[in-house]
Each structure stands twice: as structure tokens, then as C-alpha cells.
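# Breakdown of the fold
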Amino acid sequence: MAGTVTHDPPPAAGGARQGGPLIVTEDAGLLDDLLRLCAAAGATPEVHHGVPERRGSWEAAPLVLVGDDAARRVRGAARRRGVVLVGRDQDDPGVWRRAVEIGADHVLMLPDGEQWLVDRIADVAEGVGRPALTVGVLGGRGGAGASTLACALAVTSAREGLRTLLVDADPLGGGLDVVLGGETAEGLRWPAFAASRGRVGGGALEESLPELHSLRVLSWDRGDCVTVPPQAVRAVLAAARRGGGAVVVDLPRRVDSGVAEILAQLDLALLVVPAELRAVAAAGRVASAVGMVLRDLRVAVRGPYAPGLDDREVARLLGLPLVGDVPVEPGLQRSSGSGRPPGAAGRSPLARFCREFWERALVEARAA
């Protein structure tokens, strides 16, 4: 059992790696359990029987786990965020009063709350700050250019200095590592994560993936596996987001249980729509399907334009906010097999479109 008393602890600044939690208890059995959970989360704690005598140790710890036996001993400590009161007696009504007295954010009872606590300790160990701005890209119809735009957005984000991860969520798309010229690059692909359960470490995920053009890429291999269980998809994308920066997801046009897990974690998505009436009709169906899960869907229109259509008219017909006209990058087709990815030419119209998109999206995210 875990319950909230007052407020959530603040995120760690900048995503920098933090120290382990501070444990305050004299209960040997409870201490053994907390040490075990810290080990499972990859964190090394500092242990005390009461408020640490060393100046600043209580205040500086990223997370404080106070055993219910020690609540009285820490009652006079400075109030701070990130304090969890941990006990075992599910039926003790006095635990909530003691939590208020020490200014705890949460009350947690073992063993029921073990997974919640492992996740919180692991967040501390990884130095979790603001989650990555996570953007999905999908085509209004086949051949709309969604994969090209997804790659260009990721390449541009990395070039601008953001920690960037590109996720290929379309197992039938041929692999974004191929688009980036990295099909032989060392690193894990989606099938390696099919058995993932619970929490995936963000740092470990990033380090395991191929690095191409200063960004990390999670793509599909050329094997027979074309599905990953929804719980694994959820865990992997959550790990990707915890690292901060930007995550770009190339989405298929169908919505299955795995894609629904991704849509639920997106901050926004771009629907790429060629400017012709049949594509607009198809895009309307796609928008209706993803709109049941996705909170923020916007349209990016790609020319050439059919008579009577412009980007604003396409957006009006779909009833979606307009991001803009996606320009064609000169020479992109000729360089498709050379390893030169979309958006690599920093002064190209496509790169400029992507840069302006990130500038607006990041401002919106900071204001949210």
C-alpha cells in the first residue's frame, strides 16, 4: 500500500545522476527489506538510526525512507520534500498522524508497496528530471513521408544538442536504422526487449542501443519477430522518456495494444498528410483511430498540392491544428543509400522546418 499525504518530491535538476536514498530505522527486519529493494533498484543507501549528525545530510539526500519505528526520532528534523514513511502494519490508523508530524510525502506499507518503492529509488539513482519531450509521427496514408520526417526531427534535435532517442514503432517499415545508414551498427533491437517486465533502466537502455548521427536508435532487426508485448513496450518507452531531452517515435497507421501503450505516453503527434483529397480522407480515419488515445494530434502537410488545397484547408478538413508545410529536402532520394539521413543538411528547408518545430514545442513544454 502506498498513499500520498501532501506533495510529490521535486524532480532532480537536469537529469544528473544523484546519490542513493537515506534510510532511517532501527528495525533490523525493515532495514534488510529496504536494503534489498535498494539493491534491486541499483542504489547504495546511507543508513542512520535517527537524523544524521553530519550537517546537511538530511537535507541533501534525494530521498529519505523513514521506518515507522523512527518517526518519533525525526519529528524535529527540518521539513523537506521526498520523505517516505515505511511500515508494515496495514491496520495502524496512527501511521497517517505520524506521517503528518514528520512532513512525509507518502506512507508506504510493505510488502504491498515494494514495486512502487523500487521504482522511486531507481528514479533517484538515475537522477530523473523532466521527462523527454516525446513526439510521435505517423502518416495519413502509406507513403506520406512520416518516417522521413521522424528521422529528420531526431537528427535535428541531436544536432541542436538535445539528448535524443529515435524509436521505430513500425515493425513492417523496414527499419529506421536502414534509413540512417546503420543497419549493421552494433546494439540491441526491439526483439531483445520482448521479455522485458516491470521497470527498464533508462541508462542501461540508452547504452545498449546503436548510436547513429549523435542519437540513439531503437529499431527492428531483419528477423521474423514483428510483435513485442504491450507491457514491454510500455516499460521500454517509459525508460526512454526518463532520460530527458527528446524522444521521437515513428508510428504505424494501425493501432494495436502495443501502439496504444506508446500513444498514451506521447506529448504530441504529427500526422503527415499529402495534400490531395484521397490522402485527406484516409488521414481522417487515422486521426479518428489514434484520437481515442492520443491527447494532442497536429497535422503537417506535404506537397505538391492538389488544385483548391493548401495546408490550412487540409487542417480545416481534418479539424486539427496545423504545424505547417513539410518541405522536400533536395537530393534526399539520391542520398537515401549513402547513410546521409533526412535533415542532415542543417541549412536545408527540411532541417529548418524541424528546428522551428522543436523551438516551439520546447517552449510549450516548459510553459506546461
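Here is a short report on the structure shown in this document. All figures in this text were calculated on a predicted structure; none of them were measured in a lab.

Before going further, it helps to spend a moment on the environment of G103. Here G103 shows up in the loop between helix 3 (94–102) and strand 6 (106–109). For the pair formed by G103 and G82, sequence separation is 21 residues and the distance between their alpha carbons is 9.3 Å.

For the rest of this paragraph, the subject is the side chain of D250. Considering the arrangement of structural elements, one finds D250 in strand 11 (residues 246–250). Summary of buried charges: D250 has no salt-bridge partner, and the nearest side chain of opposite charge, R253, is 9.7 Å away. In terms of polar contacts, D250 uses its side chain to reach the side chain of S147, at 2.6 Å. Not counting chain neighbours up to four residues away, the residues in contact with D250 comprise V137, A146, S147, A150, V167, D168, A169, D170 and L176.

What follows covers the packing of helix 5 (residues 146–159) against helix 12 (residues 349–367). One way to put it is that helix 5 packs onto helix 12 with a least axis distance of 9 Å and a crossing angle of 70°. With respect to each other, helix 5 and helix 12 are oriented roughly perpendicular. As for the relative orientation of helix 5 and helix 12, their crossing is right-handed in sense. In this structure, helix 5 uses T148, L149, A152, L153, T156, S157 and R159 to contact helix 12, whose residues at the interface are L350, A351, F353, C354, R355, F357 and W358. A per-class count over the contact of helix 5 with helix 12 returns nine nonpolar, three polar and two charged.

Turning our eyes to something else, we now look at the sheet that holds strand 9 (residues 211–212). Judged by pairing direction, the sheet is mixed, and its eight strands sit side by side in the order 9-10-8-11-7-12-13-14 without closing on themselves. Two strands in the sheet have a free side with no partner beyond their single neighbour: strand 9 and strand 14 (322–326). Relative to strand 10 (residues 215–218), strand 9 runs antiparallel, the two being bridged by two bridges. By the bridge assignment for strand 10, L212 is matched with L215. This element, helix 8 (residues 230–242), spans strand 7 (133–139), strand 8 (164–168), strand 10 and strand 11 of the sheet and lies at about 145° to strand 11. Contacts from helix 12 reach strand 7, strand 11, strand 12 (268–274), strand 13 (297–302) and strand 14, with the element oriented near 165° to strand 14.

Parameters at a glance
Each chain has its residues counted from 1, running along the sequence as written. For this predicted model, a pLDDT threshold of at least 70 governs which residues receive local features, and a threshold of 80 or more governs which side-chain atom pairs are given and counted, while totals over whole chains, interfaces and linings are taken from all residues. Side-chain measures here rest on the full set of heavy atoms in the structure, leaving out hydrogens and waters. Comment: elements are numbered from the N terminus, with helices defined as DSSP H or I runs of at least four residues and strands as E runs of at least two. Partly exposed residues are those whose accessible area sits between 20% and 50% of the maximum for their type, while under 20% is buried and over 50% is exposed, using a 1.4 Å probe and protein chains only. Asp and Glu count as negative and Lys and Arg as positive, but His and the ends of the chain are not part of the count. Each salt bridge in this description consists of a side-chain nitrogen of Lys or Arg and a carboxyl oxygen of Asp or Glu lying within 4 Å of one another. Each polar contact in these results corresponds to two N or O atoms within 3.5 Å; when the atoms are within protein, one needs to be able to donate a hydrogen and the other to accept it, and residues that are neighboring in sequence are counted only if both atoms are side-chain atoms. Whether two residues are in contact is decided by their heavy atoms, any of which lying within 4.5 Å being enough. Here the axes come from fitting lines to C-alpha atoms, over the contacting stretch only for helices, and the angles between their N-to-C directions go from 0 to 180 degrees. By the definition adopted for this analysis, an angle is roughly parallel if under 35 degrees, roughly antiparallel if over 145, roughly perpendicular if from 65 to 115, and oblique otherwise. Throughout, a crossing is termed right-handed when the near helix is turned clockwise from the far one, and left-handed when it is turned anticlockwise from it by less than a right angle. In this count, Pro and Cys sit with the nonpolar residues alongside Ala, Val, Leu, Ile, Met, Phe, Trp and Tyr, while Asp, Glu, Lys and Arg are called charged and the others, Gly among them, polar. Any two strands between which DSSP finds at least two bridges are classified as paired.

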